[in-house]
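# Structural characterization, general
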Amino acid sequence: MEPAVSLAVCALLFLLWVRVKGLEFVLIHQRWVFVCLFLLPLSLIFDIYYYVRAWVVFKLSSAPRLHGQRVRDIQKQVREWKEQGSKTFMCTGRPGWLTVSLRVGKYKKTHKNIMINLMDILEVDTKKQERE
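Calculation criteria
For every chain, the first residue of the written sequence is number 1, and numbering continues from 1 along that sequence. At least 70 in pLDDT is required for a residue's local features to be given in this predicted model, at least 80 for side-chain atom pairs to be given and counted, and no such filter applies to totals for whole chains, interfaces and linings, which use all residues. Where side-chain values are given, they derive from all heavy atoms of the structure, hydrogens and water being excluded. A run of DSSP states H or I qualifies as a helix once it reaches four residues; a run of E qualifies as a strand once it reaches two. Both are numbered from the N-terminal end. Under the scheme applied here, a residue whose accessible area is under 20% of the maximum for its type counts as buried, over 50% as exposed, and between as partly exposed, the area being computed with a 1.4 Å probe on protein chains only. Contacts are assigned to residue pairs that have any heavy atoms within 4.5 Å of one another. To be clear on the numbers: accessible area is Shrake-Rupley with a 1.4 Å probe, and residue cover counts the displayed protein chains and nothing else. UniProt positions are given in the numbering used here, feature names are shortened, and annotations may be inferred rather than shown by experiment. Confidence of the predictor in every single residue is expressed as pLDDT, which spans 0 to 100. One less than the residue count of a helix, multiplied by 1.5 Å, gives the span that helix is expected to have. At any given residue, the bend is defined as the angle formed between two axes, one fitted to the seven residues that end at that position and one fitted to the seven that begin there. What counts as a ring pair is set by centres within 6.5 Å for rings of Phe, Tyr and Trp (its six-membered ring), and what kind of pair is set by the plane angle: stacked under 30 degrees, edge-to-face over 60, tilted for all other angles. In this analysis, a patch consists of residues with relative accessible area above 30% that form no salt bridge, clustered at 9 Å for like charges and at 5 Å for the nonpolar side chains Val, Leu, Ile, Met, Phe, Trp and Tyr. Any Lys or Arg side-chain nitrogen found within 4 Å of a carboxyl oxygen on Asp or Glu counts as a salt bridge.

## Some words on the overall build of the chain
Within the chain, the regular secondary structure consists of five helices and two strands. Tracing the chain from N to C terminus, the helices and strands come up as α-α-α-α-β-β-α. In the chain, buried positions account for 11% of the 132 residues. Here the analysis covers contacts within the chain between residues at least 6 apart in sequence; of these, 35% occur between residues at least 24 apart. Here the chain displays about 11800 Å² of accessible surface, and carbon together with sulfur accounts for 65% of that area.

As structure tokens, then:
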């Protein structure tokens, strides 16, 4: 038999079995059937969708293409901070729930927030940092 026909026959037998035993019985006692026939394919489709979405977002707002504009935006924010007298410290303007540390992000309310998109940083030149 061809694979498509075999799959159709298996699906038909499964549906018949579910009808006889009941959906609740299948979901409780035969979870592997639900996982293999429903959750795994759905998970694969979900992963493919988000992979394609991330690829499209990266291509449309590509870091190399928009790098100059983003640097100018950050420079503008730093100049505005200096013109205001540099009275507060600077920090990134990302929300507190995105902080890397376990500290509560209360310091962000007292610091000058600089908006920096950290999503598409290509690489960090660690050798240059060591020389400075």
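## Some details on the UniProt feature "transmembrane region" (unreviewed entry) in the chain
Listed under "transmembrane region" (unreviewed entry) in the UniProt record, and renumbered for this structure, are residues 32-52. Helix makes up 100% of residues 32-52 and strand 0%, with an end-to-end C-alpha separation of 29 Å.

## Looking at the side chain of Q77
For Q77, the location among the structural elements is in helix α4 (residues 63-83). In this structure Q77 comes out as buried when scored by relative accessible area, which is 16%. In contact with Q77, other than residues within four places in its own chain, are K112, N113, I114 and M115.

## Considerations on the environment of F14
Note that F14 resides in helix α1 (residues 3-21). Sequence spacing of F14 and L37 is 23 residues, and the spatial spacing of their C-alpha atoms is 9.7 Å. F14 has contacts with V26, V33 and L37, leaving out every residue within four places of it along the chain.

## Concerning the confidence of the model for the chain
Taken as a whole, the chain shows an average pLDDT of 75; of its residues, 70% reach a score of 70 or greater. The least confident element of the chain, judged by mean pLDDT, is helix α5 (residues 126-131) at 62; the most confident is helix α3 (residues 31-60) at 86.

## Topic: α3
The terminal C-alpha atoms of α3 lie 41 Å apart, and with 30 residues this matches the ideal 44 Å at 1.5 Å per residue to within 8%. Along its length, α3 shows its largest kink, about 35 degrees, at L39, and proline P41 lies within four residues downstream of that point.

## Section: the packing of aromatic side chains
Within the structure shown, the criterion is met by two aromatic pairs. Ring centres of F46 and Y50 lie 4.7 Å apart, and the angle between their planes is 55 degrees; this geometry places the pair in the tilted category. Placement of the pair is F46 and Y50 together in helix α3, with a separation of four residues, close to one helical turn. Residue class for Y50 comes out partly exposed when judged on its relative accessible area of 38%.

## Concerning a nonpolar patch on the surface
Taken together, the side chains of L23, L27, I28, F34, V35, F38, L39, L40 and L42 present a nonpolar region at the surface, about 750 Å² in accessible area. Looking at the nonpolar patch, the elements with two or more residues in it are α2 (23-29) and α3. Ranked by the residues each element gives to the nonpolar patch, the list is headed by α3, at six residues. Looking at the secondary structure, you find L42 in helix α3. The class for L42 is partly exposed, based on a relative accessible area of 44%.

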